[in-house]
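For reference, the chains in residue letters:
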Amino acid sequence: MECDVLVIGCGPAGLAAAGYSARAGYSVIAIDSLAPGGQLLYIHEIENYPGAGSMSGYALAESFEKQAASFGVRIEFMEAKSITKEGSTFIVTTDSDAIRAKAVIFASGARHRHLGCPGEEEYQGKGVSYCATCDGPFFKGKSIAVVGGGDTALTDALYLSRIGREVHLIHRRDEFRGQKALQDRVRAAGNIILHMNRNVLSINGNGKTVSSLTLTSGEELPADAAFIFVGITPNSELLEGFAELSGGFVVTDSGMRTSVPGLFAAGDVRDTPFRQVVTAAGDGALAAHSADEYIQSLKA
Ligand code: NAP
């Protein structure tokens, strides 16, 4: 198969990039090994995507997909296995084909690390969350547990402390990994209770909502929600040894250009401080714009 722009990953970043590129007149193939939508498919309700009101992540994913398809994007279910560049042509092999493209937009996303304890999967979307901005407002005035000790756990514990009645911050060591300034703010907040040197053994509830967490100390901590921030893993394995990565995340400039001319990155796989649907879609639009400039420069 051949196209002008190949997009790898069909989450919000990839579908936005694909839609913008197709609308600019390019032939575009967008591939994903799963259903289009990326992490949107796991969000119970999203109410902060500008202009869209409140809807399920699934409905928003469907709307992204339909719009991209209406612009002429060819969406294929296949998994990218390798990437090389011969002259100015990228060759991406997949589990079912090889695709030649003038430019590639890499938007493969990231996966939240999970604790792996009993109850975590069962209560996902019913009190277990990996996104404070997405789900925090559903727990106004409630008791909220936060797990982790990095910048995300500290930043989001502070955010959740403004929404919830109290926040129980559970960390497996006696010191935080996150920035000192954030640690100071966490300690100064009146309603963040620290549970150091503890991990979570199980997340418990009545099948519909979370009611408590059992800790390694033996305590049963009452809580209405468990926000888990124990790091994320970028889906960047394909680019190892091909493009510059930092801690596994793809390094880009402000135009989403990677260290390889003609290769762009967008969304959660990118080295970026804020990961939201709207920022992913914005990255995708910018990547498409830069890919357009790049392809035009090949003709000069
Ligand atoms: P992170 O820095 O990797 O921290 C993950 C935290 O989770 C660590 O405290 C770790 O404990 C803990 N953890 C890992 N696996 C665990 C497990 N199985 N059980 C219990 N705890 C576990 O991840 P992050 O906080 O998501 O941050 C990711 C990157 O984004 C970092 O580079 C961070 O600086 C950046 N970031 C920056 C900002 C900001 O600048 N405002 C905000 C958010 C994120 P240990 O400490 O014991 O390893």
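Before going into details, it helps to say that this report is about the structure given with it. Values in this document were obtained by computation on a predicted structure and should not be read as measured data.

### Considering the site of the ligand
Line of reasoning, step 1. Asp151, Thr152, Arg172, Arg173 and Arg177 are the nearest of the 16 residues found near the ligand.
Line of reasoning, step 2. Here Asp151 contributes a side-chain N or O atom positioned 2.6 Å from an oxygen atom of the ligand.
Line of reasoning, step 3. The side chain of Arg172 places a nitrogen or oxygen atom 2.9 Å from an oxygen atom of the ligand.
Line of reasoning, step 4. Considering the ligand on its own, with 920 Å² of exposed area, one finds that the protein chains cover 69% of that surface.
Line of reasoning, step 5. Across the shell around the ligand, the residue classes tally to three nonpolar, eight polar and five charged.

### Digging into the packing of aromatic side chains
Line of reasoning, step 1. Considering all chains together, one arrives at four aromatic pairs under this definition.
Line of reasoning, step 2. Measuring from ring centre to ring centre gives 6.1 Å for Phe139 and Phe227, while their planes differ by 90 degrees; the resulting arrangement is edge-to-face. Taken together, the residues span a long stretch of sequence, with Phe139 in the loop between α3 (132-135) and β9 (143-147) and Phe227 in strand β15 (residues 225-228) at a distance of 88 residues.
Line of reasoning, step 3. Its relative accessible area of 14% is what places Phe139 among the buried residues.
Line of reasoning, step 4. Each residue in the set Phe139, Phe227 and Phe229 is aromatic and connected to the rest through ring pairs, giving one cluster.

### Comments concerning the sheet that holds β9
The strands making up a sheet associate through hydrogen bonds between their backbones, and the pairing can be parallel or antiparallel.
Line of reasoning, step 1. Across the sheet, which stays open at both edges, the five strands sit in the order β8-β15-β9-β10-β11 with parallel pairing between neighbours. Strands at the two margins of the open sheet, each flanked by one partner only, are β8 (128-129) and β11 (192-195).
Line of reasoning, step 2. Looking at chain direction, β9 and β15 are connected through four bridges and run parallel. Within β15, the position partnered with Ile144 by the bridge is Ala225.
Line of reasoning, step 3. On the sheet, helix α4 (residues 151-161) packs against β9, β10 (166-170), β11 and β15 and is oriented at approximately 165 degrees with respect to β10.

### Brief notes about the packing of helix α1 (residues 12-23) against helix α2 (residues 57-70)
Line of reasoning, step 1. Two elements in contact, α1 and α2, have axes separated by 9 Å at closest approach and are oriented at 20 degrees. Here α2 runs roughly parallel to α1, going by the angle between their axes. In this structure, the crossing between α1 and α2 has a hand that is left-handed. Contact residues: α1 offers Pro12, Leu15 and Gly19, while α2 offers Phe64, Glu65 and Ala68.
Line of reasoning, step 2. For the contact of α1 with α2, a count of residues per class yields four nonpolar, one polar and one charged.

### Re the nonpolar core
Line of reasoning, step 1. Counting residues in each nonpolar core, the largest one holds 36 residues, and the members touching the most others are Val28, Leu40, Val73 and Ile105.
Line of reasoning, step 2. Listing elements by their share of this core, those giving two or more residues are β1 (2-8), α1, β2 (28-32), α2, β6 (98-106) and α6 (277-299).
Line of reasoning, step 3. Counting residues per element, this core draws most heavily on α6, which supplies seven residues.
Line of reasoning, step 4. Not counting the four nearest positions on each side in its chain, Leu40 is found in contact with Pro12, Ile46, Gly57, Tyr58, Leu60, Ala61, Phe64 and Val277.

### As for the layout of surface pockets
Line of reasoning, step 1. Size it by volume and the second largest pocket reaches roughly 260 Å³.
Line of reasoning, step 2. Taken together, the elements giving at least two residues each to the lining of the second largest pocket come down to α1, α2 and α6.
Line of reasoning, step 3. Among the residues forming the lining of the second largest pocket, the class breakdown is 10 nonpolar, four polar and one charged.

### Notes on a positive patch on the surface
Line of reasoning, step 1. Taken together, the side chains of Arg113, Arg172, Arg173 and Arg177 present a region of like positive charge at the surface.
Line of reasoning, step 2. Along the polypeptide, Arg172 turns up in the loop between β10 and α5 (180-188).
Line of reasoning, step 3. Here Arg172 falls in the exposed class, since its relative accessible area comes to 61%.

### Thoughts on the pairing of β2
Line of reasoning, step 1. When you tally the buried positions in β2, you get five out of five residues, the bulk of the element.
Line of reasoning, step 2. Burial along β2 is two-sided: the face carrying Val28, Ala30 and Asp32 and the face carrying Ile29 and Ile31 are both buried.
Line of reasoning, step 3. Note that β1 and β2 share four bridges and pair parallel. Directly across from Leu6, in β2, lies its bridge partner Ile29.
Line of reasoning, step 4. Since β1 and β2 lie parallel, the crossover through α1 that links them has a hand, and here it is right-handed.
Line of reasoning, step 5. For β2 and strand β3 (residues 74-77), the ladder comprises four bridges, and the chain directions are parallel.

The rules behind these values
Residues numbered from 1 in each chain as written. Predicted model: local features only at pLDDT ≥ 70, side-chain atom pairs only at ≥ 80, totals over all residues. Heavy atoms only, no water. Near = heavy atom within 4 Å. Polar contact = N/O pair within 3.5 Å; in protein donor to acceptor, adjacent residues only side chain to side chain. Areas by Shrake-Rupley, 256 points an atom, 1.4 Å probe, with all protein chains shown as cover. Nonpolar A, V, L, I, M, F, W, Y, C, P; charged D, E, K, R; others polar. Phe/Tyr/Trp six-rings, centres within 6.5 Å; stacked < 30°, edge-to-face > 60°. Helix = DSSP H or I, 4+ residues; strand = E, 2+ residues; numbered from the N terminus. Buried < 20%, exposed > 50% of the residue type's maximum accessible area, 1.4 Å probe, protein only. Pairing = 2+ DSSP bridges. Contact = heavy atoms within 4.5 Å. Axes fitted to C-alpha atoms, helices over the stretch in contact; angles between N-to-C directions. Parallel < 35°, antiparallel > 145°, perpendicular 65-115°, else oblique. Left-handed = near helix turned anticlockwise from the far one by under 90°. Core = buried A, V, L, I, M, F, W, Y, C linked by side-chain atoms within 4.5 Å. 1 Å grid on protein atoms, 1.4 Å probe; cavity = no way out; pocket = protein on both sides within 12 Å on 5 of 7 lines; lining within 4 Å. Points joined across faces, edges and corners; volume = space filled by probe spheres on them. Patch = residues over 30% accessible without salt bridge, like charges linked within 9 Å, V, L, I, M, F, W, Y side chains within 5 Å. Salt bridge = Lys/Arg side-chain N within 4 Å of Asp/Glu carboxyl O. Lys, Arg positive; Asp, Glu negative; His and termini not counted. Charge placed at Lys NZ, Arg CZ, Asp CG, Glu CD. Right-handed = clockwise from strand over helix to strand, strands pointing away.

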